[in-house]
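Okay, here's what each chain looks like letter by letter:
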Amino acid sequence: MQAPLGNLVPADTDSGGERQTEARAGRAHFQPCRWPPVNHCQSSPSTVVTLPALQEVQHPGMKWTEKQKRTYTGSTLPGEKKDTTSVPFPQSYSPEYVESGWYQWWEKEGFFTPEYHNKLPHAASRTFSLCIPPPNVTGTLHLGHALTVAIQDSLARWRRMLGCKVLWVPGCDHAGIATQSVVERRLLREHGKHRQDYGREEFLREVWKWKNEKGDEIYHQLRKLGASLDWSRACFTMDEGFSRAVTEAFVRLCDSGLIYRSEALVNWSCALGSAISDVEVEMKQLTGRTLLSVPGYEKRIEFGTMVTFAYPLEGVEGEVSVSTTRPETILGDVAIAVHPEDPRYKDLHGRACRHPFTERLLPIIADALVDKELGTGAVKVTPAHDHTDFLLSQRHSLPHLTVIGGDGHMTSLCGQWLEGVRRFDARERVMEALMEKKMFRGRRDHPMSLPVCSRSGDVIEPLLRKQWFVRCGEMAGKLLNVLWWGHQIPAYRVLAAFCPLEEELWTWGRTEEEARQRAVHFLTISGRFSCSEYLPRCKSPFSLDTDVLDTWFSSGLFPFAMLGWPRKTPDLAQFYPNTILETGSDLIFFWVARMVMLGTELTGQLPFKQVLLHSLVRDKHGRKMSKSLGNVIDPLDVISGVSLEVWLQEKVKEGNLDPRETTVAMEAQRKDFPKGIPECGADAMRFALCSHKIHDINLSVSQVLSCRHFCNKMWQTVKFTLGALENSGSPLGTTAEISPLSSIDRWICSQLYSTVLQCERGFENYELHSVTSTLQSFWVHSLCDVYLVRAGLLSRARQILFHCVSVSLALLSPFMPYLTEELWQRLQPHGGTADPSTSLCVQGYPQSSQLAHLHFPQEEAEFPLVQEVARVTRSLRAQCHMTRERPDCEFKSECCEKKKY
């Protein structure tokens, strides 16, 4: 018996379960008109829980109706394979139903471990390794992290399906500053105590307690995203093995003379009491006078103004007017600098001015670093509090006077009238004093970039600190953070009486005993024999450096430390160097460069063979995502959906924002998401993220919602296919056995071949957006819009339909692991070739060489006209608001009365 597949068209329904009106003239909804009813459409209260649908949501850029949610409640235990044979096929796609159960089974079966490679029938003798950029243990992933995961997982899954031995290692960074800040706020809120109220060891116990309670949240998010990570090898940068690698790296670099100790300016956060890295400094652009909130100050502080005042010349009449945005640092001035070619100051080179508050002489120096057009063209030089001034001091041998302490208060060098005063309060006092001495010359608006700590919102204070550096040619990498949480620097200061404080004799070692031996050796070869003999007998000759290494130092070791370095492990031998590094382009200097330098020096090899960079994920308005703007989105909120009330309560009100920033963030969320975020699912989000090109991604939730609609299209197509295959009886065979006869069969098979070929090219060139576009186009425009509507002979069409859908699911698997697994498992019993105990994620990825016999160029060249007709027809039907109901129409005939049809 034959039946035209033209009568078998899957309708587009969403997860609300609403069905479009069934077509007349023999066209049945979902089911072939001549085939018996399919039990997949039956309901089962024991396996499907239907929640009531909610209201329709409309706002600019996104229209959606909150759909019925279906929850899988089968008897499958965690870690067991999900039951897809006896459980009925739900009417419509529901992300929560689909994503339930699969990940636990994948993880338990070890599909993501390289050891499973030996079980693959298509195993190849190639390896593929990469590491996830370790996110901070303090918080949760955002959409930028989700983009990294989506790209990396797609590549890892693709390579695994190609038969490669894949190792993708998860990990977390201890995030020294961020973690310490979170724990300090928690202790202050719950116990009313500061860090200094605890001893170092007691405070670190509190940090570990917090990490053990909250630190796995990121791993939970990664699992929800479907990341095929090898969890048996997960590493944390403060684990014992990783800490051993950090110590080893420091010692080896010291032994090689690549680490040295020096005094330099650091980015200091007075609120945190710590230096922070450049990546944690945000530059706030000010167009002029602006009042900003600063931690620790009740009233807002003025920034964006340029103050001009005069220094009297020494020995002659006259003055030199200088301009500054930081009058509070005037007590630290040691010179006045002018440009050597500035005619206004040619006669003043070599002269000096008298400081109005300290009576100190300030030499007038000439240097090309000075901008003649800025302010008056003469600048005050404060080496201890400005990076440019520090460079000037090195060129001209100027002293360094620290007038602002690490706590943000003025130091004793300022005199009694300012000592102990907060820095921005001191600014006002200095201004008043200048006016009293009649040296104030004016104030005006001044556009500027203000450095702000991204962790605390504090205005950065450049401070001089002695710290450890790595020699990196023209670039020096700072190693120090003044923290308690982190890898304590394995360096010891010799405290014996024969080593005066100003000499600062340091040694280092993996242990204190090793450091002692190094010190003895150094003292011996330097001729201090009595010292070297005394040192071994000294009870406490050393003081371990109390500071910790910068977090970027330990994360720079990640590609090889995660594999067991410095031990010579099998993983290190097999998977190092890593095949590829995929990360954000904003980390190329902060992280990528450090990994390259440290990897090359410590292992003798580059840490990875290729680097793939992606751009930033911005909101739909093109703005960088920021908590203060209220546009930072948790991937789990996109996956599962979230109401506006919950979002505002949990994500904003409980965040670490200034009250005014909280108000701005909440208003932004109410405007962009008046009813919250709809449930989109992990597959839709991953597919949407991978569908963008390399340039910055302006992602809106509506784009993810559109990909969810594509998921539903896939769901309905497979549901229809299962109905077509029910009780078919005839064997479907393999793709090698397909021999299409009709022109439309030959065309769809050739389209499938071309799709596989384009996917191969896209993956090889890392153009994932090309792969996703190709797959969606084939499924929607070729398979659904044309083939399902116009296919011919039943037996041939069934076989070809099955293989088109089955191959397409395998092609989509790296991007949509949950949905493709669910649909493939339901489809495979009809194919009879796959092992029922296996997973789609370890099947072979379709190869164009396997489908070369299905390439029919002539049919492909002729069919675009058919596709265009189908497209125009659908477009006209939508424009005319036509449905599948036959319309009532009236016409008159000369030979009959008025009739109605």
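The present account deals with the structure reproduced in this document. No experiment lies behind these values; they were computed from the predicted model shown.

On to the packing of aromatic side chains. One pass over the full model with this rule turns up 28 aromatic pairs. Where Phe-687 meets Phe-815, the ring centres are 6.2 Å apart and the plane angle is 85 degrees; that geometry is what we call edge-to-face. With a gap of 128 residues between them, Phe-687 in helix α19 (residues 682-690) and Phe-815 in the loop between α23 (794-812) and α24 (817-827) connect regions that are remote in the sequence. There is no split in this pair, since Phe-687 and Phe-815 are both buried.

What follows deals with helix α5 (residues 200-214). Taking 1.5 Å per residue, 15 residues should reach 21 Å; α5 reaches 21 Å between its end C-alpha atoms and fits that length. Of the residues making up α5, those classed as buried are Arg-200, Phe-203, Leu-204, Val-207, Trp-210 and Lys-211. What you see down the axis of α5 is that its buried residues fit within an arc of 115 degrees, all on one side. Exposed and oriented more than 90 degrees from the buried face of α5 are Glu-201, Arg-205 and Asn-212. Looking at the packing, one finds that the buried side of α5 touches α4 (176-191), β8 (235-236) and β28 (548-549).

This paragraph deals with the pairing of strand β30 (residues 608-614). Pairing of strand β29 (residues 578-584) with β30, which is carried by six bridges, proceeds in the parallel orientation. Considered in β30, the bridge of Thr-583 is made with Leu-613. Where the polypeptide runs from β29 across helix α15 (residues 588-603) and back to β30, its parallel neighbour, the crossover connection is right-handed.

A word on the sheet that holds strand β17 (residues 352-354). Spatially, β17-β18-β16-β19 is the arrangement adopted by the four strands of the open sheet, whose pairing is mixed. With partners counted over all chains shown, the strands left at the sheet margins are β17 and β19 (378-381), one partner each. Adjacent strand axes in the sheet meet at a mean angle of 30 degrees when their direction is disregarded. Taken together, the three bridges between strand β16 (residues 335-338) and strand β18 (residues 361-366) define a ladder with parallel strand orientation. In the sheet register, Ile-336 faces β18, and the bridge partner there is Ile-364.

Spanning 16 residues, helix α26 (residues 864-879) covers 22 Å between terminal C-alpha atoms, matching the ideal 22 Å at 1.5 Å per step. Note on α26: the residue one or two positions beyond its end, His-881, has a positive phi of about 55 degrees.

What counts, and at which threshold
Residues numbered from 1 in each chain as written. Predicted model: local features only at pLDDT ≥ 70, side-chain atom pairs only at ≥ 80, totals over all residues. Heavy atoms only, no water. Phe/Tyr/Trp six-rings, centres within 6.5 Å; stacked < 30°, edge-to-face > 60°. Helix = DSSP H or I, 4+ residues; strand = E, 2+ residues; numbered from the N terminus. Buried < 20%, exposed > 50% of the residue type's maximum accessible area, 1.4 Å probe, protein only. Expected span 1.5 Å × (residues − 1). Arc of directions from axis to C-beta. Contact = heavy atoms within 4.5 Å. Pairing = 2+ DSSP bridges. Right-handed = clockwise from strand over helix to strand, strands pointing away. Axes fitted to C-alpha atoms, helices over the stretch in contact; angles between N-to-C directions.

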